[in-house]
Every structure is written in C-alpha cells, then in structure tokens.
Amino acid sequence: MTYVVAWILGLGTLALLFLAIAHLLVALVLIIPTWRICTRAGFSGALSLFHLVPVIGSFIVMAVLAFSDWPAGEASPARR
Amino acid sequence: MGVEIAALMGFFGLTSAFALVATILAAWMAWRIVEKTGLPGWAGLGAILLTLTGVGTIVPLVLLWVFAFMRWPRDEPGRATLGYGAAPAGGPARPAPPRALAAPAAALADRRGWKLTGSLPGGAVALAIDASVVGYVLTGAPAAQPGELSVPDPSVGRPHARLMTASGRLGLEDLGTAGGTFIDGARLLPEHGPRDISAARSIRLGTVELALARA
C-alpha cells in the first residue's frame, strides 16, 4: 500500500514538473515577441513577463498595451 | 442521471460563455494594439478570430511573431513628419546640416547669442547658442557633431528640432517627433517650418521646458 502511494505521489510530481516546463515553454513563445512589442511601444520589456501568469496573464499584457498611451508614440489618429 | 447531465451541460455552457467573452475581449484589445502601430485594426481582430477556425492556434502565434518583428507604419519617416510619429530609433535619419535662412526683412541690431537653460531629472542643462553659427540641431542623443546640442531626456527625439540664426534672429523648426515642440506653450508642427523665436520666453522639447534668454 505504501508503495502504491509513493508511486502515485512520484508520478504526480513528475506530471506537475512536466506541466510546469510545458507552461514555461509556451509562455516563452509568447514572451519573446511581446517583449519586443512592449519595448517598441515604450514600456519595459519585463511587462511581457505577465505571460507567466496562467490564464489571465496574456489578457493583462494586452489590456495594458491596448488601453494606455504608448510612451514611444502611436500612429496618428488621422490614419485610423 | 438527468441531474448530472444537466449539471454538465450547465458547466459546458458556462465555460463556453467565458471563452466567448474572452475571445471578444482579446479581439477588441488586439484591434486597439494593432491600430496604435498604424496597421489596420481588423488585422488584429482577424488574427484573434482565426483561433476559432480549424487552423488552430499556430497561425495567430506566427502572426504575433511577424507583428512583433515587422516594420510598423508608425515608424516610417513619412508618418513621423505628420507630427505624431515616433522619433526614429537609433537615428539612421540624421538630418541634413542646417542651412542658412535668408536674412529677415527687419534685422535686429542686437548680435548677442542666446542661452537655453532647463532642468532635467538627471540634472540641469544649459546650452549656448552663438549668433554667428548658422544653425544647430537639438537632439536627445549625446552631441556627436559640432552643430549638435544635447538635451539628454527620453522624451526628446534624436534629432528633435533645428535652430537657425540669421540677422540677429533665432529660428526654430520641429523635425517631427513624438514628444512635440512648443513655443511658449503653443505646439510647433513640422509643417509650420522654421518659426522666429527671438522674442519667445521658453521652448519645450517633449517634457523638457527650456527658458530662452540672451547670453
């Protein structure tokens, strides 16, 4: 019985580890382009690290970029 | 059994409602972000809505990378001269050396120079303008050439504006930067060309207020 519990715990830990690594990789694929977008918009690139927050992280980054005035300047309203 | 099925249906209905709201929210924000770069907003909206189709998430992901590394219309020099573009990063578009203006009809007898003084978060800035020099370029970058006057502040373009002297008068021309140039609080646009600031009290480059006085 003890062995079974140990196995379940071990496998669960392994699964969580793989999940964390996969999450990190997926976040990295989003962070690299977002880092560049943030710096080009005039924000700190570290803003893109919000992608590491599960589920709502990407929405936070998008909301900041969408609803703020970009320090580095935006395209003129006449072009919209 | 029926209760479980109803509960499951309710759960799926709830999650799909959340997914719908999230997709609409993301599409709206993508529209706004893409618009700020000068690209058409529907491109951002379309990229998000593509996730609903059979192509899956890889295409929007590729589009995100393309968007991050592509050339944005906002950064094109032609857009910058509209007055609300970004300062050219890295300064590949160094302006032509200042050219002499024709002498104004009413030349001033006072041939002293000018001085521009102001305070920056990192310290004070004091710039001397010699009336015998044809012109200067005001830039946020460190002065690299004799005709350049450095105002080291992030809100100042690289270059930002041009100063000209002629017949004891001082002229100022905006070079089309995001921060903008102001003469006594009034916006100077690139299409205004050079303006006489001999009688001005202050000019503003981006967020930097500079007091103008005779040297």
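Here the structure is a predicted model, which means the values were calculated and not measured. (Residues numbered from 1 in each chain as written. Chains lettered and ligands numbered in written order. Predicted model: local features only at pLDDT ≥ 70, side-chain atom pairs only at ≥ 80, totals over all residues.)

Secondary structure summary: chain B contains 4 helices and 11 strands in total. Classification of the 215 residues of chain B by burial places 28% in the buried group. The long-range share in chain B, meaning contacts at least 24 apart out of those at least 6 apart in sequence, stands at 48%. (Helix = DSSP H or I, 4+ residues; strand = E, 2+ residues; numbered from the N terminus. Buried ≥ 20, exposed ≤ 12 C-beta atoms within 10 Å, placed from the backbone. Contact = placed C-beta atoms within 7 Å.)

Residue and element names in this part refer to chain B. Overall, mixed pairing links the 5 strands, which are arranged 4-3-5-6-9 in an open sheet. Each edge of the open sheet carries a strand with a single partner, namely strand 4 (148-150) and strand 9 (195-196). Relative to strand 4, strand 3 (residues 135-139) runs parallel, the two being bridged by 3 bridges. Following the sheet pairing, L138 is matched in strand 4 by L149. (Pairing = 2+ DSSP bridges.)

Once that is clear, we can look at the confidence of the model for chain B. All names here are of chain B. Per-residue confidence for chain B gives a mean pLDDT of 81; residues scoring 70 or more make up 82%. Taken as a whole, residues 79-92 scores under 50 in pLDDT and shows 36 contacts with residues more than four places along the chain or in a different chain. Confidence estimates for the predicted assembly give a pTM of 0.49 and an ipTM of 0.82. (pLDDT = per-residue confidence, 0-100.)

Turning next to the interface of chain B and chain A. In this assembly, 23 residues from chain B lie in contact with 17 residues from chain A. When contributions to the side of chain B that touches chain A are tallied by element, the ones reaching two or more residues are helix 1 (2-36), helix 3 (58-69) and helix 4 (77-84) of chain B. If one sorts the elements of the side of chain B that touches chain A by residue count, helix 1 of chain B sits on top with 8 residues. Residue classes in the side of chain B that touches chain A are distributed as 15 nonpolar, 3 polar and 5 charged. (Nonpolar A, V, L, I, M, F, W, Y, C, P; charged D, E, K, R; others polar.)

Let us look at the pairing of strand 11 (residues 208-214) of chain B. Residue and element names in this part refer to chain B. Both strand 1 (residues 114-120) and strand 11 contribute to a ladder of 4 bridges, which runs antiparallel. Bridge pairing in strand 11 places K115 opposite A213. Examined bridge by bridge, strand 10 (residues 202-205) and strand 11 share 4 bridges and lie antiparallel to one another. Across the sheet, residue I203 finds its bridge partner in strand 11, namely L210. Here strand 10 hands over to strand 11 after 2 residues, with G206 in that stretch at a positive phi of 65°.

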